[in-house]
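Report on the structure
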Amino acid sequence: MKDSYILGIESTCDETSAALLKNGREVVSNVIYTQIDLHKKYAGVVPELASRAHAAKIASVIKAALGDIIPDYIAFANGPGLPGGLLVGRVAAETLANLFDRPIIGVNHLEGHLFACELTGADKLNPLEFPLISLIVSGGHSELWLVRDYGDYKPLGKTRDDAAGEAFDKVAKLLGLGYPGGPEVSKQALKGDRNAVKFPRPMLDGSCEFSFSGIKTAVSYYLRDHKDVSVPDICASFEQAVVETLVKKAINAAEKYKVKHIAVGGGVAANGLLREMLVKKAAEKGIEARFVLRPLSSDNAAMIALCAAKKLARGQNTGDIRINPNMVVRSWPKK
Ligand code: KG4
Ligand code: ZN
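**So, the pattern of salt bridges**
Per the stated rule, a full pass over the model turns up 19 salt bridges. The salt bridge partner of D37 is K40, with a shortest N-O separation of 3.4 Å. For K40, a relative accessible area of 42% translates into the label partly exposed. R322 serves as the salt-bridge partner of D320, at 2.9 Å between the closest nitrogen and oxygen. Since its relative accessible area comes to 59%, R322 is described here as exposed. Among the charged side chains, a salt-bridge network with shared partners connects D162, E166, K170 and K216.

**What about the domain arrangement of the chain?**
Each assigned domain of the chain is listed with its residue range as follows: domain 1 (5-121 + 296-313) and domain 2 (132-292). Spacing between the C-alpha centres of domain 1 and domain 2 amounts to 26 Å. Each partner contributes residues to the interface: domain 1 has 21 residues there, and domain 2 has 22 residues. A combined buried area of about 1,700 Å² lies between domain 1 and domain 2, and 71% of that area is made up of carbon and sulfur atoms. On the domain 1 side of the contact with domain 2, L110, L114 and C117 bury the most area, a combined 35% of that side's loss. Counting across the domain 1 and domain 2 interface gives four residue pairs in polar contact (both at pLDDT 80 or more). Elements represented by at least two residues in the side of domain 1 that touches domain 2 include exactly helix 1 (36-39) and helix 4 (109-115). Here the element with the most residues in the side of domain 1 that touches domain 2 is helix 4; it accounts for five residues. Here the residues of the side of domain 1 that touches domain 2 are counted per class, giving eleven nonpolar, five polar and five charged.

Calculation criteria
- Residues numbered from 1 in each chain as written.
- Chains lettered and ligands numbered in written order.
- Predicted model: local features only at pLDDT ≥ 70, side-chain atom pairs only at ≥ 80, totals over all residues.
- Heavy atoms only, no water.
- Salt bridge = Lys/Arg side-chain N within 4 Å of Asp/Glu carboxyl O.
- Buried < 20%, exposed > 50% of the residue type's maximum accessible area, 1.4 Å probe, protein only.
- Domains from an automatic or database assignment.
- Contact = heavy atoms within 4.5 Å.
- Buried area = accessible area lost by both parts, 1.4 Å probe.
- Polar contact = N/O pair within 3.5 Å; in protein donor to acceptor, adjacent residues only side chain to side chain.
- Helix = DSSP H or I, 4+ residues; strand = E, 2+ residues; numbered from the N terminus.
- Nonpolar A, V, L, I, M, F, W, Y, C, P; charged D, E, K, R; others polar.

And the structure:
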């Protein structure tokens, strides 16, 4: 059978990425241009700078990903994300789709983070087992879903204020650490005492909603009220509070819906303490927790191409490519 190729394009936030997926499973290329250096001095993503950098880089990133292959399908992330980045992705995708006369597929970026858990880095996938609880934790999102099958979702809860990664970034800024904050805070935390300061564990009331701004505010009050603080102790105590909250909520959700699998995706899925604690605590309850491979936890186009492959396999090439900065996860129409 002839090989089939999907080109994925990702430009929702601060990574410009293009990937080529062969036969719905093999990542032939996954080129990622990160804008971290551009946004570093602001300790957060500046939308206008992000849009300009996407526009400047998208063509070369796509060229590098394609090599001499003409793809059979063009997929791009059409939300949620920053409007400027989404527009750049759409224009690039539509241009190629017209040039090559190929179908175009819009992909929800957050579904991409979930499906990224299947990628192994080799010529095979590690398929998700349903039903499962999906925990998507990134700089912009913290969400729990019940996933009954590919494209069959029940959203359970999301953050009411800051996302988990955003809290890491803001605490890093308060402490004068680098950007993005997650890896910096984690590095410091390894040298600290996780019980040094008892920061709040918000909303452990059985709900699937999150709230992380209270923990961040507690850190800022602690810094205001104490002299000669230990940065490693604060990082360790903060990380413990966030991770304990994520772990408890994910396991509560799995028990509530009687599912035996949890899949974790998004930038914060790279966090070592989260990986270790969730796998261990879930196993104690007979639940298997799995994570996206670390290098594929942050934004990348391979996850967009893979989600498109799943949609194609289920006849979900709806052709709806409108961008939506506030897109939420929705079940795919029944076929
Ligand atoms: O998924 P992602 O690359 O971009 C968004 O879609 O937001 O996630 C980036 C977020 C940042 O907030 C970053 O601080 C966080 O993921 N992050 C981490 C770690 N590595 C990245 N947070 C905690 N621990 C980490 N090791
Ligand atoms: Zn993301």
